[in-house]
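Residue strings, one per chain:
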Amino acid sequence: DEEKDAVKQQVSAKEKAKDKKRRSRKRRKQRDKIKKNYVKANAKLYELLISTTTFRAHKLFEKVTLGDGIGCWQALIAKFEKLSRAKKRELLGKLHTLTMKRGETVEDYTNRIHRLEDALRSGWNKTFDEDDRMTFMLGGIDEKRYGSVVTLINLNEEITFDKALETLEDYEERMIRNRAKMC
């Protein structure tokens, strides 16, 4: 019996070794297949990018190894992320320096602010709180026409953006009516 057990253990050990080799070969074949598919997909991506991009974009690919689709894709991403950051900074700069144009209504001025805020929100998920919005609006308003109202709004700690906007628009409307009466 002991001899039979010893033979069974030897056979079992040999089978386990064969099974381990078989699994190792299978994994190696799977890795090779994945690598082969990767190389094919990378080449197809390269062909696609070269055939669908402009000559200017091809300049980005000069530093990329010939046939490296993923490298080309990463070069495009890097370029457009830089452009995207620059655009974001440009929009933020406009928002912080925006001023009311001569003869512009409060509504038109705040619509320009809203357009810039919307562009930043949709492109970069940038949101602004009430204080930011109030700062943008009051920071560029025409001091000659609205200075006294801006002072009153700034003194009122509780006022919301919408209420401040309504106050400015009411004041503007009264100024227009008074001018019409004088004519």
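Keep in mind that this is a model prediction, so the values were computed, not measured. (Residues numbered from 1 in each chain as written. Predicted model: local features only at pLDDT ≥ 70, side-chain atom pairs only at ≥ 80, totals over all residues. Heavy atoms only, no water.)

A. Looking closely at the pattern of salt bridges. Enumeration over the complete set of coordinates arrives at 11 salt bridges. Where glutamate 62 meets lysine 59, a salt bridge forms, and the shortest distance between an N and an O atom there is 3.8 Å. By relative accessible area, glutamate 62 is classed as exposed at 60%. Glutamate 90 is the partner of lysine 94 in a salt bridge, and the nearest nitrogen-oxygen pair spans 3.5 Å. Highlighted residues: lysine 94 and glutamate 90, both in helix H3 (residues 69-97), separated by 4 residues, approximately one helical turn. With relative accessibility at 40%, the residue lysine 94 sits in the partly exposed group. (Salt bridge = Lys/Arg side-chain N within 4 Å of Asp/Glu carboxyl O. Buried < 20%, exposed > 50% of the residue type's maximum accessible area, 1.4 Å probe, protein only. Helix = DSSP H or I, 4+ residues; strand = E, 2+ residues; numbered from the N terminus.)

B. Spatial organisation of the confidence of the model for the chain. Counting all residues, the mean pLDDT for the chain is 88, and 98% of those residues have values of 70 or more. By mean pLDDT, helix H2 (residues 55-60) is the weakest element of the chain at 79, and helix H6 (residues 143-155) is the strongest at 93. (pLDDT = per-residue confidence, 0-100.)

C. Structural context of the packing of H6 against helix H7 (residues 161-182). Where H6 meets H7, the closest approach of the two axes is 10 Å, and the angle between their N-to-C directions is 150 degrees. Between H6 and H7, the angle is such that the two are roughly antiparallel. At the point where H6 passes H7, the crossing takes the right-handed sense. Across the interface between the two elements, Arg145, Tyr146, Ser148, Val149, Val150 and Ile153 of H6 pack against Ala164, Thr167, Leu168, Tyr171, Glu172 and Met175 of H7. Residue composition of the contact of H6 with H7, by class: 8 nonpolar, 2 polar and 2 charged. (Axes fitted to C-alpha atoms, helices over the stretch in contact; angles between N-to-C directions. Parallel < 35°, antiparallel > 145°, perpendicular 65-115°, else oblique. Left-handed = near helix turned anticlockwise from the far one by under 90°. Contact = heavy atoms within 4.5 Å. Nonpolar A, V, L, I, M, F, W, Y, C, P; charged D, E, K, R; others polar.)

D. Up close: the packing of helix H4 (residues 106-124) against helix H5 (residues 130-139). In the contact formed by H4 and H5, the axes pass within 10 Å of each other and the chain directions differ by 135 degrees. Between H4 and H5, the crossing angle belongs to the class labelled oblique. The way H4 lies across H5 gives a crossing that is right-handed. Counted together, Tyr109, Thr110, Ile113, His114 and Glu117 of H4 and Arg133, Phe136 and Met137 of H5 form the full contact between these two elements. For the contact of H4 with H5, the per-class residue count stands at 4 nonpolar, 2 polar and 2 charged.

E. Spotlight on the side chain of arginine 133. By the secondary structure assignment, arginine 133 is in helix H5. The exposure class of arginine 133 is buried, given its relative accessible area of 17%. Other than its neighbours up to four places away in sequence, arginine 133 contacts His114, Glu117, Phe128 and Phe161.

F. Quick look at the nonpolar core. Counting 26 residues, the largest nonpolar core has Met137, Tyr146, Ile153 and Leu168 as the members making the most contacts within it. For this core, the secondary structure elements donating two or more residues are H3, H4, H5, H6 and H7. Contact partners of methionine 137, with chain neighbours within four places excluded, come to Tyr109, Thr110, Ile113, Phe161, Ala164, Leu165 and Leu168. If you look at the next biggest cluster of nonpolar residues, it comprises 8 residues, including Tyr46, Ala57, Phe61 and Cys72. (Core = buried A, V, L, I, M, F, W, Y, C linked by side-chain atoms within 4.5 Å.)

G. Structural context of the packing of aromatic side chains. Enumeration according to the criterion identifies 2 aromatic pairs in this entry. Between phenylalanine 128 and phenylalanine 136 the ring centres are 5.3 Å apart and the planes differ by 80 degrees, which places this aromatic pair in the edge-to-face class. The exposure classification of phenylalanine 128 matches that of phenylalanine 136, with both residues buried. A cation sits over an aromatic face here: arginine 133 above phenylalanine 161, 4.0 Å from the ring centre. (Phe/Tyr/Trp six-rings, centres within 6.5 Å; stacked < 30°, edge-to-face > 60°. Lys NZ or Arg CZ within 6 Å of the ring centre and 35° of its normal.)

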